[in-house]
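Residue-level listing of the chains:
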Amino acid sequence: MARKKAALDFEQSLADLQTLVERLENGELSLEDSLAAFEQGIGLTRDCQAALAQAEQKVQLLLERDGELTEEPFDAEQPE
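These numbers were taken from a predicted model, which means no experiment stands behind them. (Residues numbered from 1 in each chain as written. Predicted model: local features only at pLDDT ≥ 70, side-chain atom pairs only at ≥ 80, totals over all residues. Heavy atoms only, no water.)

Here helix α2 (residues 31-63) spans 47 Å end to end across 33 residues, near enough to the 48 Å set by a 1.5 Å rise per residue. Within the sequence span of α2, burial applies to A37, G41, L44, C48 and L63. (Helix = DSSP H or I, 4+ residues; strand = E, 2+ residues; numbered from the N terminus. Expected span 1.5 Å × (residues − 1). Buried < 20%, exposed > 50% of the residue type's maximum accessible area, 1.4 Å probe, protein only.)

Laid out in structure tokens, this is it:
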């Protein structure tokens, strides 16, 4: 259940970040609102980076064999 929540939190943070970027690119926000959106975006970016770093650590642990880390490239297009 924790993995599902973490994935949902990451997905939500990423979607929120995308919305903020679109609002900023639109250029219709006041300076104050733009700064607030930028500040929120920085926080969301840090959250996403932390979630990705944690996922990378889990993948490395799963790939560890006989005390040695075997790094393999991740290919999302590869069939299961």
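And the narrative resumes.
It is worth spelling out a nonpolar patch on the surface at this point. Taken together, the side chains of L24, F38 and I42 make up a nonpolar region of the molecular surface, amounting to roughly 250 Å² of accessible area. Within the fold, I42 resides in helix α2. Residue class for I42 comes out partly exposed when judged on its relative accessible area of 31%. (Patch = residues over 30% accessible without salt bridge, like charges linked within 9 Å, V, L, I, M, F, W, Y side chains within 5 Å. Areas by Shrake-Rupley, 256 points an atom, 1.4 Å probe, with all protein chains shown as cover. Salt bridge = Lys/Arg side-chain N within 4 Å of Asp/Glu carboxyl O.)

Positionally, S13 belongs in helix α1 (residues 2-26). Excluding its chain neighbours within four sequence positions, the residues that come into contact with S13 are L44, D47 and C48. (Contact = heavy atoms within 4.5 Å.)

Nothing here speaks to function; it is all geometry.
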